[in-house]
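# Examination of the molecular architecture
This is what each chain is made of:
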Amino acid sequence: MSFKEQINLRQLPNHIAIIMDGNGRWAKEKGQDRLYGHFHGVESVRQVVEGAAELGIGYLTLYAFSTENWDRPEDEVTGLMELLVDTIKKEVGTLNKNNIRLHVIGDLDMLPEAAKKEMQEAMEQTSANTGLNLIMALSYSSRWELAEAIRKIALEIKDGVLQPEQIGQQTLANYLCTKDFPDPELMIRTSGEFRISNFLLYQLAYAELYFTSVLWPDFRKEQLYQAISDFQSRERRFGKTSEQLKK
Ligand code: IPE
Ligand code: IPE
Ligand code: MG
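Residues numbered from 1 in each chain as written. Chains lettered and ligands numbered in written order. Predicted model: local features only at pLDDT ≥ 70, side-chain atom pairs only at ≥ 80, totals over all residues. Heavy atoms only, no water.

## Remarks on the site of ligand 1
Around ligand 1, the neighbouring residues are Met 20, Asp 21, Gly 22, Asn 23, Gly 24, Arg 25, Arg 34, His 38, Ala 64, Asn 69, Arg 72 and Leu 80. Interatomic distance of 2.7 Å between a side-chain N/O atom of Arg 34 and an oxygen atom of ligand 1. Within the side chain of Arg 72, an N or O atom sits 2.7 Å from an oxygen atom of ligand 1. Taking 380 Å² as the accessible area of ligand 1 by itself, protein coverage stands at 87%. Using a 2 Å cut-off from the grid points, one finds that ligand 1 occupies the largest pocket. Going through the elements one at a time, helix 2 (23–29) and helix 3 (34–55) are the ones with two or more residues in the shell around ligand 1. Per-element accounting of the shell around ligand 1 gives the leading share, three residues, to helix 2. Of the residues assigned to the shell around ligand 1, the class counts are three nonpolar, five polar and four charged. (Near = heavy atom within 4 Å. Polar contact = N/O pair within 3.5 Å; in protein donor to acceptor, adjacent residues only side chain to side chain. Areas by Shrake-Rupley, 256 points an atom, 1.4 Å probe, with all protein chains shown as cover. 1 Å grid on protein atoms, 1.4 Å probe; cavity = no way out; pocket = protein on both sides within 12 Å on 5 of 7 lines; lining within 4 Å. Sits in = over half its atoms within 2 Å of the grid points. Helix = DSSP H or I, 4+ residues; strand = E, 2+ residues; numbered from the N terminus. Nonpolar A, V, L, I, M, F, W, Y, C, P; charged D, E, K, R; others polar.)

## Quick look at the site of ligand 2
Taken together, Ile 19, Met 20, Asp 21, Tyr 63, Ala 64, Phe 65, Ser 66, Asn 69, Arg 72, Arg 189, Arg 195 and Ser 197 make up the full set of residues near ligand 2. Take Arg 72: an N or O atom from its side chain is 3.2 Å from an oxygen atom of ligand 2. The separation between an oxygen atom of ligand 2 and a polar side-chain atom of Ser 197 is 2.6 Å. Protein coverage of the free-state accessible area of ligand 2, which is 380 Å², stands at 77%. The pocket occupied by ligand 2, as judged from atoms lying within 2 Å of grid points, is the largest pocket. With four residues, the single largest contributor to the shell around ligand 2 is strand 2 (residues 59–66).

## A look at the sheet that holds strand 1 (residues 15–19)
Sheet strands line up and pair through hydrogen bonds in the backbone, either parallel or antiparallel. Spatial strand order, 3-4-2-1-5-6: six strands in an open sheet with parallel pairing. The open sheet has two free edges, formed respectively by strand 3 (101–105) and strand 6 (208–211), since each of these has just one partner strand. The mean angle between the axes of side-by-side strands here comes to 20 degrees, regardless of whether they run parallel or antiparallel. As judged from the five bridges shared by strand 1 and strand 2, these two strands associate in the parallel manner. (Pairing = 2+ DSSP bridges. Axes fitted to C-alpha atoms, helices over the stretch in contact; angles between N-to-C directions.)

## Quick word on helix 4 (residues 74–97)
Note on helix geometry: an α-helix contains 3.6 residues per turn, so any two residues three or four positions apart are oriented the same way. Taking 1.5 Å per residue, 24 residues should reach 34 Å; helix 4 reaches 35 Å between its end C-alpha atoms and fits that length. At Glu 91, helix 4 shows its largest bend, some 45 degrees. Asn 99, located one to two residues past helix 4, shows a positive phi value of around 60 degrees. (Expected span 1.5 Å × (residues − 1). Bend = angle between axes of the 7 residues up to and from the residue.)

## Re the layout of surface pockets
Its volume calculated, the largest pocket comes out at about 1,100 Å³. With 12 residues, helix 3 is the largest single contributor of residues to the lining of the largest pocket. Here the residues of the lining of the largest pocket are counted per class, giving 21 nonpolar, 12 polar and 14 charged. Its boundaries defined by the atoms lining it, the second largest pocket holds a volume of some 310 Å³. In terms of lining residues, the second largest pocket is bounded by 15 residues, among which Val 104, Ile 105, Leu 176, Cys 177 and Lys 179 are the most central. Breaking the lining of the second largest pocket down by element, the ones donating at least two residues are strand 3 and helix 6 (142–158). For the lining of the second largest pocket, the leading source of residues is helix 6, giving four residues. Its residues assigned to classes, the lining of the second largest pocket shows seven nonpolar, three polar and five charged. (Points joined across faces, edges and corners; volume = space filled by probe spheres on them.)

Spelled out as structure tokens, the structure:
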């Protein structure tokens, strides 16, 4: 039985987040440069977005570029930004055709002007779509996001808009880039690395984590189905006991 057939469509994770890792190693295995790997990684993005939309997943967050990735060699950063602009230009039509809405989380001001403009236009052009919410994490890191949120809260307190006594668990969430999205229920990381790398630290509090050794350019719909099927085999207890859940 294929992994797709094993999936229970009534118990899908509403939000899946993916750390798309391993492009560089994939390219190296083939004797190519790192950008060759990033280029092939785009096909995996296409497949996974299509797969998630077909299943009826509500939200898909893809970690495409971290705050820390700005420290990579200049030619790699430039190549990645060009790839981003090209891909968005090519794919907006497909996003609209498939009723997919694009969002971006991260420090967009850090992006080159062309990339920023392209992302903003694509978000506007897809803003009326009601199907899958595709969230690209670009120039994103959790610690950056948390510092921004705290700065905004501090300013509102200073201006008297918010009182310290009003701050509860939900307050912080309301100031994060992800305020409009539910927390991810499933987090996938490819390439055999077992770490979070500054991704959605706050939002992943109760996510199921799934790690695979598959390198991102080899990740296809079948691997997505496998991760979802694994997710569905787990018991999510949220602090309770197994017996309590069965009542
Ligand atoms: C992920 O692949 C893509 C980005 C971080 C932009 P990597 O480029 O990190 O590939 P590896 O980890 O070096 O193999
Ligand atoms: C995490 O991958 C960031 C993205 C996938 C965009 P990295 O390859 O940058 O992470 P580390 O450096 O191995 O932790
Ligand atoms: Mg990596």
